[in-house]
Amino acid sequence: MSNKTKTVIAILVAGVVLAVIFGVILAYSLYKAGPAVVADSVLEYKLEGEIADAPSPMPQAQVVFLRLPQSLFTITRGIRRAKNDSRIKALLLTVNSPEIGYAKVEELREAIKDFRSSGKPVYVYMDRGSDRDYYLATAADKIYLSPAGDLDVKGFLVSATFLRGLFDKLKITPNVERHGKYKSFADTYTRSDMSQENREQLSALLDDLYARYTQAIAEARKIEPEQVKRLIDSGPYSNAAKATAAGLIDGGVYLDELKERIRSELSLREYKAVSGKDYSESYSWMAKKVAVIYATGAIVPGRSGSNPLTGQVMGSQTIASAIKTAREDNDVSAVILRIDSPGGSALASDLIWREVVLTKQKKPIVASMSDVAASGGYYIAMAASKIVAQPSTITGSIGVVSGKLDLSGLYREHLGINVETIKRGENADYYSEQQSFTEEQRAKFRQDVLDMYEMFVKKAAEGRSKTLEEIDKVAQGRVWSGVRAKELGLVDELGGLDKALEIARQLASIPAGQALTIVEYPQPPTVFDLMFGKEDQLEEMEIKGLSAMIQSLPAEVRETLRLAYLMRYFDEEQAFAIMPYTIRVR
């Protein structure tokens, strides 16, 4: 036997041994009963940093040697499981400005309320608290703040960025068309202020969210709603004593003092904590499989990934492939498409929509909306068997926008650049950045946008079993809160991922007592990927420094850069189904 042959055999044997070792470790992690939870324990969750819908892309790394952040579903699933765990006596949530939207907060609040229905108490501790933190905290029995910490409760605001003034100074001429009077993405480039229609839709959205917020505080703190509004108008509160005097919290203590208070109130011999990160579920071979596909970020053609300006992006190729895989897996009884997206490429959205249509013909597929599922985010949901949204989900925005920027003035007057072109074909310069549309081209362009809008409305009408007129009336590019979207028939039920699982179970005729195994997509990298690395993972690491630098810029500057960045796609895509800008309620 040659040395080369021996080397190959040795490599193969080593590979098999490694596969067996990691297989044993993985199997043990899946079938173990969970962490060593002793009697009279307090379950602790630290809610801080980004809490994404999707689980960590490297769960195997956590099995082997790394500890990674949890997903929203992992947290809520753990809290709900602890409800019936006799070893768990209470829940302590340390809330430290988690990076989540109001719909995700509502999902956490539902899980907390479900836990409280067992009679076990829930405590919240904050070093300081924003409006969003406090909204989450009001689901608990008692709320405590660090003595020197401020309660930054002062109400909601939404702001929009407009680039027309900048474009005029730079001699950039926007050629942007939209269909839908509320589709204000075009306003971002063509106006210097907020249109009446845009102000109307944002005001209505803010009214819905603010009403839920104030009502939640009123119910939790047993204060009249009008008094709650007066307290908010008097905010923020610079320390725990002032917030306590206002009746918004239960006191100012340090975290170690709170733990001692919990021990005393529950008559425990000692305070014993179990970390939420360690509190996992066991699995069963006999469980029915339900696929959960996480569709997160702006929608683009190709593969999913991330960008320093736009953050996570949803690639049509990645998500469509995941849906197809789940559809063709005979062991998967139902599919949940978990959406957190402001939309993006109309073409990419349509390719994902098609896979949803094909899947519904074979097995139930339920759309579960997170913080945002609007424009293209709604497009990929509208063909689902059922659509579930949180009351605070931002959805709708059924409309289309497209265009190009004429940069000839910038080149000529500011940069001293002269570009000359020679063409063959009347519309060879259709998307040229060196000129505006001719009258004939603009008429054709408007018709192209109208055609895309009509297709959007037609498919929405088919998916929602409504007439074209009914959908067109609530479309027009207008965004809605989840609670209003349900009233208008754009969604079926209010709730989170647990509600979507319940509906999927019903549609797939899975008995109520039958265990479920959640299969999550897109599939994470394998153990060997983690050991030897992947090119795209290395690229992701290389942009982290740039991302950190961009995040250090003021929010308004980041938004301007993001909007300018999106314009680069206008010469690549015919139309966009995208939110006008990122709506952040703060």
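Residues numbered from 1 in each chain as written. Predicted model: local features only at pLDDT ≥ 70, side-chain atom pairs only at ≥ 80, totals over all residues. Heavy atoms only, no water.

Visitor: Tell me about the overall build of the protein chain, and please be specific about residues and values.
Guide: Scanning the protein chain from N- to C-terminus turns up 23 helices and 23 strands. Relative to its 586 residues, the protein chain shows a buried fraction of 50%. A separation threshold of at least 6 residues defines the contact pool for the protein chain, and within that pool the share at least 24 residues apart is 76%. (Helix = DSSP H or I, 4+ residues; strand = E, 2+ residues; numbered from the N terminus. Buried < 20%, exposed > 50% of the residue type's maximum accessible area, 1.4 Å probe, protein only. Contact = heavy atoms within 4.5 Å.)

Visitor: Describe the nonpolar core, naming the residues involved and giving the relevant values.
Guide: Core analysis: the biggest nonpolar cluster contains 62 residues, and Tyr45, Leu47, Leu93, Tyr134 and Leu151 have the highest contact counts within it. Top element by residues in this core is helix α8 (residues 196-221). It accounts for eight residues. The contact partners of Tyr134, leaving out residues within four places of it in the chain, are Ile143, Leu151, Val153, Tyr213, Ile217, Arg221, Leu248 and Ile249. Listed in part, the 54 residues of the second largest apolar core include Ile299, Ile339, Tyr430 and Leu490. (Core = buried A, V, L, I, M, F, W, Y, C linked by side-chain atoms within 4.5 Å.)

Visitor: Break down the side chain of Asp340 for me, with residues and values.
Guide: With respect to the secondary-structure elements, Asp340 resides in strand β14 (residues 332-341). Given a relative accessible area of 16%, Asp340 falls into the buried group. Once residues lying within four places of it in the same chain are set aside, the contact partners of Asp340 are Asp53, Lys104, Ala295, Thr296, Gly297, Ser370, Asp371 and Val372.

Visitor: Got a sec to walk through helix α16 (residues 439-464)? Specific residues and values, please.
Guide: For α16, with 26 residues, the first-to-last C-alpha span of 37 Å sits near the 38 Å given by 1.5 Å per residue. A positive backbone phi angle near 55° is found at Ser465, which sits one or two residues after α16. (Expected span 1.5 Å × (residues − 1).)

Visitor: Go over the packing of aromatic side chains with me, naming the residues and quoting the values.
Guide: One pass over the full model with this rule turns up 14 aromatic pairs. Plain terms: the ring middles of Tyr102 and Phe156 are 5.1 Å apart, the flat faces sit at 50° to each other, and that makes the pair tilted. On the criterion of sequence distance, the pair formed by Tyr102 in helix α4 (residues 102-116) and Phe156 in the loop between β6 (151-152) and α6 (164-170) is long-range, its members being 54 residues apart. Each of the two residues, Tyr102 as well as Phe156, counts as buried. (Phe/Tyr/Trp six-rings, centres within 6.5 Å; stacked < 30°, edge-to-face > 60°.)

Visitor: Break down a nonpolar patch on the surface for me, citing the residues and quoting the values.
Guide: Side chains of Leu415, Ile417 and Val419 sit close together on the surface and give an oily, nonpolar patch of about 240 Å² of accessible area. Looking at the secondary structure, you find Leu415 in the loop between α15 (408-414) and α16. (Patch = residues over 30% accessible without salt bridge, like charges linked within 9 Å, V, L, I, M, F, W, Y side chains within 5 Å. Areas by Shrake-Rupley, 256 points an atom, 1.4 Å probe, with all protein chains shown as cover. Salt bridge = Lys/Arg side-chain N within 4 Å of Asp/Glu carboxyl O.)

Visitor: I'd like a description of the pattern of salt bridges, backed by residues and values.
Guide: Should their charged atoms come close, side chains of opposite charge can pair. A full pass over the atoms with the stated rule returns 35 salt bridges. Lys104 is the salt-bridge partner of Asp340, the closest N and O atoms lying 2.5 Å from each other. Remark: Lys104 occurs in helix α4 and Asp340 occurs in strand β14; sequence separation between them is 236 residues. Lys104 shares its class with Asp340; the two are buried. Put simply, Arg338 and Glu107 hold a salt bridge, and the shortest N to O gap is 2.9 Å. In this pair, Arg338 is assigned in strand β14 and Glu107 in helix α4, connecting sequence segments 231 residues apart. Classification of Glu107 by relative accessible area gives buried; the value is 3%.

Visitor: Report on the side chain of Ser41, specifying residues and quantitative values.
Guide: Here Ser41 is to be found in strand β1 (residues 41-50). Within the local environment of Ser41, its side chain forms a polar contact with the backbone oxygen of Val38, the two atoms lying 2.7 Å apart. Once residues lying within four places of it in the same chain are set aside, the contact partners of Ser41 are Arg87, Ile88, Lys89, Ala90, Lys272 and Val274. (Polar contact = N/O pair within 3.5 Å; in protein donor to acceptor, adjacent residues only side chain to side chain.)

Visitor: I'd love a proper account of the pairing of strand β10 (residues 288-296), names of residues and values included.
Guide: In this sheet, strand β22 (residues 516-521) lies alongside β10 in parallel orientation, the contact comprising six bridges. Within β22, the residue paired with Lys288 across the bridge is Leu516. Strand direction decides the pairing type here: β10 and β14, joined by eight bridges, are parallel. Paired with Ile293 across the bridge in β14 is Leu337. (Pairing = 2+ DSSP bridges.)

Visitor: Please give an account of the environment of Glu265 that cites residues and values.
Guide: Inspection of the secondary structure puts Glu265 in helix α11 (residues 255-265). Exposure remark for Glu265: the relative accessible area of 35% places this residue in the partly exposed category. Dropping the residues within four chain positions of it, Glu265 is found in contact with Tyr123, Lys142 and Tyr144. A polar side-chain atom of Glu265 sits 3.3 Å from a polar atom in the side chain of Lys142.

Visitor: An account of the packing of helix α12 (residues 316-328) against helix α13 (residues 346-360) is needed here, citing residue identities and associated values.
Guide: In contact at an axis separation of 9 Å, α12 and α13 are set at 5° when each is read in the N-to-C sense. Relative to α13, the element α12 is oriented roughly parallel. For the pair formed by α12 and α13, the contact residues are Ser316, Ile319, Ala320, Ile323, Lys324 and Arg327 on the first element and Ala348, Leu351, Ile352, Glu355, Val356, Leu358 and Thr359 on the second. (Axes fitted to C-alpha atoms, helices over the stretch in contact; angles between N-to-C directions. Parallel < 35°, antiparallel > 145°, perpendicular 65-115°, else oblique.)

Visitor: Provide a residue-level description of the pairing of strand β5 (residues 142-145), including the pertinent values.
Guide: The pairing of strand β3 (residues 122-126) with β5 spans four bridges and is parallel. Within β5, the residue paired with Met126 across the bridge is Leu145. Sheet topology places β5 next to strand β8 (residues 251-252); two bridges connect them, and they run parallel. Residue pairing across strands places Tyr144 opposite Gly251, the latter belonging to β8.

Visitor: So, the confidence of the model for the protein chain: which residues are in play, and what are the values?
Guide: Residues at a pLDDT of 70 or more form 78% of the protein chain, whose mean pLDDT is 84. Mean pLDDT per element in the protein chain: helix α2 (residues 59-64) is the minimum at 43, and strand β17 (residues 386-389) is the maximum at 98. Every residue in residues 24-34 scores below 50 in pLDDT, and together they form 13 contacts with partners more than four places removed in sequence or on other chains. (pLDDT = per-residue confidence, 0-100.)

Visitor: Let's hear about the sheet that holds strand β9 (residues 272-275): which residues, and what values?
Guide: Taken in spatial order, the six strands make up an open sheet running β8-β5-β3-β2-β1-β9, and their pairing is parallel. Both edges of this open sheet fall to β8 and β9, since each of them pairs with a single strand only. Pairing analysis gives four bridges linking strand β2 (residues 88-99) to β3, with the strands arranged parallel. Bridging from a neighbouring strand, Leu93 pairs with Val124 of β3. Lying on the sheet, α4 is in contact with β1, β2 and β3; it crosses β2 at an angle near 165°. Its contacts with the sheet place α11 against β1, β2, β3 and β5, and it is angled at close to 165° to β3.

Visitor: For the environment of Leu157, give the residues involved together with the corresponding values.
Guide: Relative to the elements of secondary structure, Leu157 occurs in the loop between β6 and α6. In the structure, Leu157 is positioned 49 residues away from Leu206 in sequence and 7.7 Å away in space, judged by C-alpha atoms.

Visitor: How would you sum up helix α19 (residues 497-507)? Please name residues and give values.
Guide: In an α-helix there are 3.6 residues to a turn, and that puts residues three or four apart on one side. Along α19, the residues that are buried comprise Leu497, Ala500, Leu501, Ile503, Ala504 and Arg505. A positive phi of about 55° marks Ser509, the residue just after α19.

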